[in-house]
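# Observations on the three-dimensional arrangement
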Amino acid sequence: MPEGHSIRHFANVHDDCFQGLTVKASSPQGRFDEGAEAIDGKTFVGTSTHGKHLFFHFAEHDHIVHIHLGLYGWFSVRKNRGGKPKQSARLRLENASFISELVGPTKCNYITTQELQTACAKLGPDPLHDDVDPQAMFDKIQSSKKSIASLLMNQSVVAGIGNVYRAELLFLEKLDPFMPGREVPSESLTNIWNNASVLMTDGATDGMIRTVAPQHLTEAEASDHKYNQYSYVYKRHTLPCRICGTTVLIGEVDGRKLYWCKKCQS
DNA sequence: CTATGATGGAAAC
DNA sequence: TTTCCCTCATAGC
């Protein structure tokens, strides 16, 4: 499921498959309220992203498609071998070589260039963007009484981090999730930002989240090619911490599950 | 078969 | 703070 790395990954895949080419567009599910007709037969110019927001740009139109996958939205992009459209697809793009089907998004609608800028202006800096100054994120955190766990999930503070990366980034920095933002040292914030950039860039390339260093995986886990499912603390509650053996804890912050090791993160 | 939850967020109370 | 939405894999009868 989608955090910022997935959005960048899907953007890359769509650029690879459709950039510069005309596409057939449709909405098999029929809930693309504004209709796919406006982009049907148009040239797919390319993608852009900010955090968990994905934008498809088309030629000749001020019809940018704004996509947010929400909790369980997903793309299926594959070679075009014919076959029938998936009926739950909100948006289907097709050219001679590829098919893209978007299922279950929270948002999929047209916006203008101006609306794109407005949407992005509400978001904090994105660790996946090149040459971005994270100072705005640091300032918001260090002027807040809210916990660092809460702040890292706030998209207006930093864009693209979700529940998995939050838990793992806090663990990697050995930071108490409940520490008020104003008490978090600048060095920790720099490390979190840098770790986020590296891990999410790798995640975008692979299309999966990997946070555990190879030496911290068991032999069986390391030989499992689906080792993206392994974490330091995310969903590891009741299991021993990979580093200290203490039982990983589970809690809730802002209605979302939080996982952490009380001994390592204090 | 139905119930539940999930890497999200907006809108309604 | 709670509710609701979009989908689907998995758990549990």
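Everything that follows concerns the structure shown earlier in this document.
Calculation criteria
- Residues numbered from 1 in each chain as written.
- Chains lettered and ligands numbered in written order.
- Predicted model: local features only at pLDDT ≥ 70, side-chain atom pairs only at ≥ 80, totals over all residues.
- Heavy atoms only, no water.
- Buried < 20%, exposed > 50% of the residue type's maximum accessible area, 1.4 Å probe, protein only.
- Helix = DSSP H or I, 4+ residues; strand = E, 2+ residues; numbered from the N terminus.
- Arc of directions from axis to C-beta.
- Contact = heavy atoms within 4.5 Å.
- Near = heavy atom within 4 Å.
- Polar contact = N/O pair within 3.5 Å; in protein donor to acceptor, adjacent residues only side chain to side chain.
- Nonpolar A, V, L, I, M, F, W, Y, C, P; charged D, E, K, R; others polar.

## Some points on helix 2 (residues 113-121)
For the α-helix, the turn length of 3.6 residues means that residues three or four positions removed from each other point alike. By the burial criterion, the buried members of helix 2 are Leu 116, Ala 119 and Cys 120. Taken end-on, helix 2 shows its buried residues confined to a sector of 95 degrees, consistent with a single buried face. Exposed residues lying more than 90 degrees from the buried face of helix 2 are Gln 114 and Ala 121. Where helix 2 is buried, its residues contact strand 3 (43-50), strand 4 (53-58), strand 5 (64-68) and strand 9 (107-111).

## Observations regarding the environment of Leu 169
The residue Leu 169 is located in helix 5 (residues 163-172) in this model. Sequence separation between Leu 169 and Lys 52 is 117 residues; the distance between their C-alpha atoms is 17 Å. Leaving out residues up to four positions away in the same chain, Leu 169 has contacts with Ile 161, Ile 192, Asn 195, Ala 196 and Leu 199.

## Observations concerning unusual backbone geometry
Negative phi values dominate among residues other than glycine, just as trans dominates among peptide bonds. For Thr 238, which is not a glycine, the phi torsion comes out positive at approximately 75 degrees. With respect to the element layout, Thr 238 can be found in the loop between helix 7 (219-222) and strand 10 (249-253). Among the residues examined, Thr 238 registers a relative accessible area of 61% and is labelled exposed.

## Digging into the protein's contact with DNA strand B
As a structural note, the neighbourhood of DNA strand B is formed by 18 residues, with Met 1, Glu 3, Lys 52, Tyr 234 and Arg 256 the closest of them. Taking all atoms of DNA strand B within 4 Å of the protein, the share assigned to sugar and phosphate is 60%. A distance of 3.4 Å separates a sugar or linking oxygen of DNA strand B from a polar backbone atom of Gly 70. In terms of residue class, the surface near DNA strand B is built from eight nonpolar, six polar and four charged.

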